[in-house]
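Letter by letter, the chains look like this.
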Amino acid sequence: VPQGHSRDKVFQGQGITVHILGPPECPSGAPKCTGTPALQELRGSNMTGGAQTGMFASVRRCRSIATGEVFAAKFSSRTRYGEDCTKEIHHEIALLSLCSPSPRIVKLHDVFQTEKELIIVMEYAPGGDMQTIIDDNLVPFESDVVKFMQQLVEGLAYLHHRKIAHLDIK
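In what follows, the accompanying structure is described. This structure is a prediction, so every number in the text was calculated from the model and none was measured.

1. A short note on the overall build of the protein
No. 1: Helix and strand counts for the protein stand at three helices and ten strands.
No. 2: When the elements of the protein are put in sequence order from the N terminus, they spell out β-β-β-β-β-β-β-β-α-β-β-α-α.
No. 3: Relative to its 170 residues, the protein shows a buried fraction of 35%.
No. 4: Considering only contacts within the protein whose residues lie at least 6 apart along the sequence, 46% involve residues at least 24 apart.
No. 5: Only carbon and sulfur atoms are counted for the fraction: they give 54% of the accessible area of the protein, which is about 10,700 Å².

The following block contains the structure:
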C-alpha cells in the first residue's frame, strides 16, 4: 500500500494486518483498482463474468499490483439495515485466520478497511461454488460429485473439530 494511504494495525492478536485506507480513490498513475491501492480488479475475466453479489457483500477477482498473484476480494458493507455490523465481519476474519491450516478452507491473505466497508482478500478458488452448479442446472459426473462431497465433509470435519458451525454452506 503506497505511503500515506493506510494506517496498519494488527487484528485482535490474530497476526492479521488490517490496512485502514485513506482516500478510496487510487493514487495517480495506478491502474484502476477496487477501492484499495494494492489491488487491481480483473475486468472481463471475473469469476463468472462479473462480481458475485450477495445481500451485503460482493466478491471480485483481483490481482496484487505488487506480485501479480490472483485473489478473491470480498467487499462487505459495515452497515446492515442501518446497524453497524463491523463486529460480525471481524468474527468472520478471525474464523478464516483460525482455519488457515486446513487445505479445504480458503486462505485469508489480507484485510483492508474503509469508512464504509471491510475488504477481505482471500485465496482465489477458480472452481466457484456448489450453489452455482445447482442454480445453473449443471449435471456433474458422479466421480466429480464424490470428490466434491469428500472435500466438503473434510472441511466440515475440520470446522466441527474446532467447535465451529457453518451456517451458510454453498
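2. A word on helix H3 (residues 142–161)
No. 1: Between its first and last C-alpha, H3 extends 28 Å over 20 residues, near the 28 Å set by a 1.5 Å rise per residue.
No. 2: Along H3, the residues that are buried comprise Gly155, Tyr158 and Leu159. When H3 is viewed along its axis, its buried side chains cluster within an angular range of 100° and face the same direction. Seen from the open side of H3, the exposed residues pointing more than 90 degrees away from its buried face are Glu142, Val146, Val153 and His161.
No. 3: Buried residues along H3 sit against helix H1 (86–98).
No. 4: At the C-terminal side of H3, Lys163 shows a positive phi close to 60°.

3. Some words on a nonpolar patch on the surface
No. 1: A grouping of Val145, Met149, Leu152 and Ile169 is seen on the molecular surface, where their side chains present a nonpolar patch of about 290 Å² in accessible area.
No. 2: The topology assignment puts Ile169 in the segment after H3.

4. Things to note about the nonpolar core
No. 1: Among the nonpolar cores identified, the biggest contains 14 residues, and Ile89, Ile93, Leu96, Cys99, Ile105, Leu108 and Ile120 are the most heavily contacted of them.
No. 2: Sorting the residues of this core by element identifies H1, strand S9 (108–113), strand S10 (117–123) and H3 as the ones contributing at least two each.
No. 3: Residue assignment places this core across two domains, with domain 1 (54–125) and domain 2 (127–169) each supplying three or more.
No. 4: Non-local contacts of Ile120, meaning those with residues more than four positions away in its chain, are made with Ala72, Ala73, Lys74, Ile89, Glu92, Ile93, Leu96, Leu108 and Asp110.

5. Digging into unusual backbone geometry
No. 1: The backbone phi angle of Tyr81 is positive, close to 50°, even though this residue is not glycine.
No. 2: With respect to the secondary-structure elements, Tyr81 resides in the loop between strand S7 (79–80) and strand S8 (83–84).

6. A closer look at the packing of aromatic side chains
No. 1: Counted according to the given criterion, the structure contains one aromatic pair.
No. 2: On the numbers, 5.2 Å between centres and 80° between planes, the contact of Phe56 with Tyr81 is edge-to-face. Separated by 25 residues along the polypeptide, Phe56 in the loop between strand S4 (52–53) and strand S5 (57–64) and Tyr81 in the loop between S7 and S8 bring together distant segments of the chain.
No. 3: Lying across the ring of Phe75, Arg60 places its NZ or CZ 4.4 Å from the centre.
No. 4: The ring of Tyr158 is capped by Arg162, whose NZ or CZ atom sits 3.6 Å from the centre of that ring.

7. Let's talk about the pairing of S10
No. 1: Summarising burial for S10: five of the seven residues are buried, a large majority.
No. 2: The pairing of strand S6 (residues 70–77) with S10 spans seven bridges and is antiparallel. From the neighbouring strand, Ser76 faces S10, where its bridge partner is Leu118.
No. 3: Summarising the sheet, S9 and S10 pair through five bridges and their orientation is antiparallel. Within S10, the residue paired with Phe112 across the bridge is Ile119.
No. 4: Hairpin remark: S9 followed by S10, antiparallel, with three residues in the connecting loop.

Calculation criteria
- Residues numbered from 1 in each chain as written.
- Predicted model: local features only at pLDDT ≥ 70, side-chain atom pairs only at ≥ 80, totals over all residues.
- Heavy atoms only, no water.
- Helix = DSSP H or I, 4+ residues; strand = E, 2+ residues; numbered from the N terminus.
- Buried < 20%, exposed > 50% of the residue type's maximum accessible area, 1.4 Å probe, protein only.
- Contact = heavy atoms within 4.5 Å.
- Areas by Shrake-Rupley, 256 points an atom, 1.4 Å probe, with all protein chains shown as cover.
- Expected span 1.5 Å × (residues − 1).
- Arc of directions from axis to C-beta.
- Patch = residues over 30% accessible without salt bridge, like charges linked within 9 Å, V, L, I, M, F, W, Y side chains within 5 Å.
- Salt bridge = Lys/Arg side-chain N within 4 Å of Asp/Glu carboxyl O.
- Core = buried A, V, L, I, M, F, W, Y, C linked by side-chain atoms within 4.5 Å.
- Domains from an automatic or database assignment.
- Phe/Tyr/Trp six-rings, centres within 6.5 Å; stacked < 30°, edge-to-face > 60°.
- Lys NZ or Arg CZ within 6 Å of the ring centre and 35° of its normal.
- Pairing = 2+ DSSP bridges.

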